[in-house]
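Chains, contacts and geometry: an overview
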Amino acid sequence: MNDATNSKKPKLLLHACCAPCSPHVLNVLRDSWDVVLYFYNPNIEPHEEWRMRLDEMEKLSEATGVSLLTAEYDNDRWRESISGLENEPEGGGRCRVCFSLRLESAAKAAAGIGAAHIATTLSVSPHKNAAAINEQGESVAEETGIAFLRADFKKNDGYKKSCELSREFGFRRQNYCGCSFSRRD
């Protein structure tokens, strides 16, 4: 075998919640995976905030040379999926539905590009429960046949590293997850 054959890495679609959370996760994954970024976050409100976050994801893609796939903004679908859960506390049932919605979309996109694995940057946040994210990811994997990479990217100073890299890239760090409920809380 030649070096080109040995260096072939499996393709992984990385659901990215935002640019500030992504560089550290990319650094962790790129040694073992051929990573493609995926931006699907219909929970982000208002639309102008979604657009600003997408613009920064595009900057990250360009700066790192990692391809970026972007899904359309579909806040109506997100609102429909969390209907009845509006009064849930942050981190509760509404968030689990939101994780699942985004990971289902990532699995479909992964299948479309021939990636057999997905992961998400969501667990790098100290405000997100990695166990809940991983549980939703495994459920999506069972339903779709696309493997989910379990992770808690905030471990080993992951969040701190993401903040440092975010500053180096000059990304704006938002002060809420994205949905109006996290902003309210």
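Residues numbered from 1 in each chain as written. Predicted model: local features only at pLDDT ≥ 70, side-chain atom pairs only at ≥ 80, totals over all residues. Heavy atoms only, no water.

**Some details on the side chain of Asn 75**
Structurally, Asn 75 can be placed in helix 4 (residues 75-81). A relative accessible area of 14% places Asn 75 in the buried class. Within polar-contact distance, the side chain of Asn 75 engages the side chain of Glu 45 at 3.2 Å. Sequence-distant contacts of Asn 75, that is, excluding residues within four places in its chain, are made with Pro 42, Asn 43, Ile 44 and Glu 45. (Helix = DSSP H or I, 4+ residues; strand = E, 2+ residues; numbered from the N terminus. Buried < 20%, exposed > 50% of the residue type's maximum accessible area, 1.4 Å probe, protein only. Polar contact = N/O pair within 3.5 Å; in protein donor to acceptor, adjacent residues only side chain to side chain. Contact = heavy atoms within 4.5 Å.)

**Some words on the nonpolar core**
Judged by nonpolar contacts, the single largest core of 52 residues is most densely connected at Leu 13, Leu 14, Leu 29, Leu 37 and Ile 118. Elements represented by at least two residues in this core include exactly strand 1 (11-15), helix 2 (22-29), strand 2 (34-39), helix 3 (47-64), helix 5 (93-113), strand 4 (117-120) and helix 6 (130-144). Sort the elements by how many residues they give to this core and helix 5 lands first, with nine residues. In this structure, Leu 13 is in contact with Val 36, Tyr 38, Leu 69, Ala 106, Ala 109, Ala 110, Ile 113, Ala 115, His 117, Ile 118 and Ala 119, ignoring residues within four places of it in sequence. (Core = buried A, V, L, I, M, F, W, Y, C linked by side-chain atoms within 4.5 Å.)

**Remarks on the sheet that holds strand 1**
Read from one edge to the other, the open sheet built from five strands follows the order 3-2-1-4-5, with strand pairing classed as parallel. Both edges of this open sheet fall to strand 3 (68-70) and strand 5 (147-148), since each of them pairs with a single strand only. When strand 1 meets strand 4, the two strands line up parallel, connected through four bridges. Following the sheet pairing, His 15 is matched in strand 4 by Thr 120. (Pairing = 2+ DSSP bridges.)

**Brief notes about the confidence of the model for the protein**
Summarising the model, the protein shows a mean pLDDT of 93, and 96% of its residues fall at 70 or more. Every residue in residues 1-6 scores below 50 in pLDDT, and together they form one contact with partners more than four places removed in sequence or on other chains. (pLDDT = per-residue confidence, 0-100.)

**Focus: the pattern of salt bridges**
Per the counting criterion, the structure on display carries 10 salt bridges. Where Lys 128 meets Glu 90, a salt bridge forms, and the shortest distance between an N and an O atom there is 3.4 Å. With Lys 128 in the loop between strand 4 and helix 6 and Glu 90 in the loop between helix 4 and helix 5, the pair connects residues that are 38 residues apart, well separated along the chain. Salt-bridge contacts for Glu 135 lead to Arg 96; the nearest nitrogen and oxygen are separated by 3.0 Å. (Salt bridge = Lys/Arg side-chain N within 4 Å of Asp/Glu carboxyl O.)

**With respect to unusual backbone geometry**
Residue Pro 46 is reached from Glu 45 by a cis peptide bond, and omega for that bond is -5°. Notably, Asn 156 is not glycine yet its phi reads approximately 55°, a positive angle. Here Asn 156 lies in the loop between strand 5 and helix 7 (158-169). Asn 156 sits in the exposed class, given a relative accessible area of 68%. Of note, Asp 157 is a non-glycine position whose phi angle comes to about 65°, a positive value. Following the sequence through the fold, Asp 157 ends up in the loop between strand 5 and helix 7.

**With respect to the packing of aromatic side chains**
Summed over all chains, the structure comprises five aromatic pairs. Here Phe 39 and Trp 50 contribute two aromatic rings whose centre-to-centre distance is 5.9 Å and whose plane-to-plane angle is 45°, an arrangement assigned as tilted. One end of the pair, Phe 39, is in strand 2; the other, Trp 50, is in helix 3, and 11 residues separate them in sequence. The pair formed by Phe 39 and Trp 50 is uniform in burial state, with each residue classed as buried. Classification of Trp 50 as buried rests on a relative accessible area of 7%. (Phe/Tyr/Trp six-rings, centres within 6.5 Å; stacked < 30°, edge-to-face > 60°.)

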